Amino acid sequence: MSNIVEDRFAEKTTEHLRGLASQSDAIRQMYFFDPEHENVPANREVDLFLEKQLTRTKGVVYKYPGRVIILLSYTCAANCRYCERQDRVGVGLDEEGRLTDEELENAVQFVAEHNEISEVIFSGGDPLTHPHGLRLACQQMAKIPHVRILRVHTRLPLQLPAKVDYDLLAEIASLGPTFYLSLHVDHPDELTEDVEEGIRRLRKLGAILLCQSVFLKGINDDLEVLTQLFTRLAELGVRPYYLYHCHPIATTMRFVMSLDEEVMLMSRLRERLSGIACPQHIFEMRHTTGKLAVPSDHWNVDLSHVRDFVGGEYDTVEVAECVEPPQPKQVFPLE
Ligand code: SF4
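All values reported here derive from a predicted model rather than from experimental measurement.

(A) Structural context of the nonpolar core. Ile70, Phe122 and Met141 are the most contacted members of the largest nonpolar core, which has 58 residues in total. In terms of residue count, helix H9 (residues 223-236) provides more of this core than any other element does, six residues in total. In terms of nonpolar packing, the next biggest core, distinct from the first, is built from 16 residues, Leu20, Met30, Tyr82 and Cys246 among them.

Below is the structure:
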């Protein structure tokens, strides 16, 4: 009998992940519903990172100058238990959880009308679960003269490697703007032979490959695990880009590490890894603006207070630990 309650963030996995989870406790924790820690209703009202407030037209989040996020699809091949968008993933923009062609046209028009936007970032959910929309949007965005970079964030190559549409990605890579593909990888157990083979195919497409990861207690809070992960990614031609602090919401608290623990690990990593294998440690404050680079413990700095991109000052302990953090002092002014 399932122990998942209906209004909880749904458990969703793939055969590929179920096979891995039978051999890896890290993968099991990443994807399987934990009734002890997740038995609270999904909060559909929260506005993590001001994405709802800063939505300009459906699915279009304009938060930082010069780059815009298109939330193309709220579907993923599998649901990560620490997902920062679990208020929306699996719930959807419409019944299918995807932007319609008409909504995509509005998104393209928005970008066309803002000639300061040079980078278009497709995220979700997972944009590769909406191939028709991704093809259409990339084709249209590539025709806008001021769009110089197309970036796609995906976890599909790790969750369901057999379903990656390489023809579509090759087409996007050929459109003109520089194409970045950012994978999300948190543990070396995710890098199976078929996943690595997929990464080699992605490299041949002409995409620049990046990786984003999250510090996760009980999964990758270990120097050896992180060393193995980032070393292997660099060897595969995937540049580790950001390593995030996990965002504390009611259902993710079991994964959240203290900033001090993260700084210690990150500093030891910096001592061990080649620069090309070392990601930037990022503390992103909810309800405010700024992906803030955290200094290593090689510097004597006070980590207890921080200033965001628009001058708001915050207590990091309060922001890191409270489920309902302070309201922003100011957000990025659009016009
Ligand atoms: S793949 Fe990304 S968006 Fe989808 S559930 Fe995992 S973290 Fe969330």
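(B) The arrangement of the pairing of strand E9 (residues 280-284) in detail. The buried count for E9 comes to four of five residues, which makes it a mostly enclosed element. Crossover strand E8 (residues 239-244) to E9 through helix H10 (residues 259-272) is right-handed. The pairing of E9 with strand E10 (residues 291-293) spans three bridges and is classified as antiparallel. Residue Ile282 lies in a different strand from E10, and its bridge partner there is Ala293.

(C) Layout of the side chain of Thr227. With respect to the helices and strands, Thr227 occurs in helix H9. For Thr227, a relative accessible area of 15% corresponds to the buried category. One polar contact links Thr227 to Arg272, side chain to side chain, over a distance of 3.1 Å. In this view, Thr227 contacts Leu269, Arg272 and Leu273; residues no more than four positions away in its chain are not counted.

(D) Spotlight on a negative patch on the surface. Side chains of Asp221, Asp222, Asp260 and Glu261 sit close together on the surface and give a patch of like negative charge. Within the element layout of this structure, Asp222 appears in the loop between strand E7 (208-214) and H9.

(E) How the structure looks around the site of the ligand. Taken together, Cys76, Ala78, Asn79, Cys80, Cys83, Val89, Gly125, Arg155 and Gln159 make up all the residues around the ligand. Its atoms largely coinciding with the cavity grid, the ligand occupies the largest pocket. Class assignment of the residues belonging to the shell around the ligand gives a composition of five nonpolar, three polar and one charged.

(F) View of the layout of surface pockets. Estimated volume of the largest pocket: approximately 920 Å³. What lines the largest pocket is a set of 42 residues, and nearest its centre among them are Glu84, Arg85, Ser123, His153 and Gln212. Looking at the lining of the largest pocket residue by residue, the class counts come to 19 nonpolar, 13 polar and 10 charged.

(G) Seen up close, the sheet that holds E9. Pairing within the open sheet is mixed, and its 10 strands lie in the order E1-E2-E3-E4-E5-E6-E7-E8-E9-E10. The open sheet has two edge strands with one neighbour each: strand E1 (55-57) and E10. Each adjacent strand pair in this sheet contributes to an overall mean axis angle of 30°, direction not counted. Of the strand pairs in this sheet, strand E2 (residues 60-64) and strand E3 (residues 67-73) are connected by three bridges, and their pairing is antiparallel. Looking at E3, one finds that Tyr64 is bridged to Arg67. Against the sheet, H10 engages E8 and E9, with an angle of about 165° to E9.

(H) Geometry of unusual backbone geometry. Omega for the bond connecting Gly124 with Gly125 falls within 30 degrees of zero, at 10°, which places this linkage in the cis form. You can see Gly125 is positioned in the loop between strand E4 (119-124) and helix H5 (131-142).

Scoring rules and cut-offs
- One numbering rule holds for all chains: residues counted from 1, following each sequence as written.
- Local features in a predicted model are, by the rule used here, given only for residues with pLDDT of at least 70; side-chain atom pairs are given and counted only at 80 or more, and totals for whole chains, interfaces and linings are based on all residues.
- Values shown for side chains rest on all heavy atoms present in the structure; no hydrogens or waters enter the calculation.
- By convention a nonpolar core is built from buried Ala, Val, Leu, Ile, Met, Phe, Trp, Tyr and Cys residues, the set being connected through side-chain atoms within 4.5 Å.
- Only protein chains enter the area calculation, which uses a 1.4 Å probe; residues under 20% of their type maximum are buried, those over 50% are exposed, and those in between are partly exposed.
- Put simply, DSSP marks the helices as runs of H or I at least four residues long and the strands as runs of E at least two long, and each gets a number from the N terminus on.
- The definition of a right-handed crossover adopted here requires that, viewed with the strands pointing away, the path from the first strand over the helix to the second runs clockwise.
- For two strands to pair, DSSP has to find at least two bridges joining them.
- Polar contact is the term for a pair of N or O atoms within 3.5 Å; when the atoms are in protein, one must be able to donate a hydrogen and the other to accept it, and sequence-neighboring residues count only if both atoms are side-chain atoms.
- Contact between two residues is taken to exist if any of their heavy atoms lie within 4.5 Å; hydrogens are not considered.
- The residues that make up patches have over 30% relative accessible area and no salt bridge, and they are joined within 9 Å when like-charged or within 5 Å when they are Val, Leu, Ile, Met, Phe, Trp or Tyr.
- Computed with the Shrake-Rupley method and a 1.4 Å probe, the accessible areas treat only the protein chains shown as cover for residues.
- Whenever Lys or Arg places a side-chain nitrogen within 4 Å of a carboxyl oxygen from Asp or Glu, that contact is recorded as a salt bridge.
- Just so you know, the count uses Lys and Arg for positive and Asp and Glu for negative, and it drops His and the chain ends.
- Charge placement uses NZ in Lys and CZ in Arg. For Asp and Glu, CG and CD serve respectively.
- Here a residue is considered near a molecule or strand provided that any single heavy atom belonging to it is located within 4 Å of it.
- Grid points spaced at 1 Å and placed over the protein atoms alone form the basis of the search, with a cavity being a set where a 1.4 Å probe fits but cannot get out and a pocket an open set showing protein on both sides within 12 Å along at least five of seven lines. Lining residues have an atom within 4 Å of a point.
- Here the criterion for a molecule occupying a pocket or cavity is that more than half of its atoms lie within 2 Å of the pocket grid points.
- Charged residues are taken to be Asp, Glu, Lys and Arg, nonpolar residues to be Ala, Val, Leu, Ile, Met, Phe, Trp, Tyr, Cys and Pro, and polar residues to be all remaining types, Gly included.
- Grid points are joined across faces, edges and corners, and a volume is the space filled by probe spheres set on the points.
- The angle between two axes is taken between their N-to-C directions and runs from 0 to 180 degrees, where each axis is a line fitted to C-alpha atoms and a helix contributes only its stretch in contact.

Remember, this is a structural readout, not a statement about activity or role.
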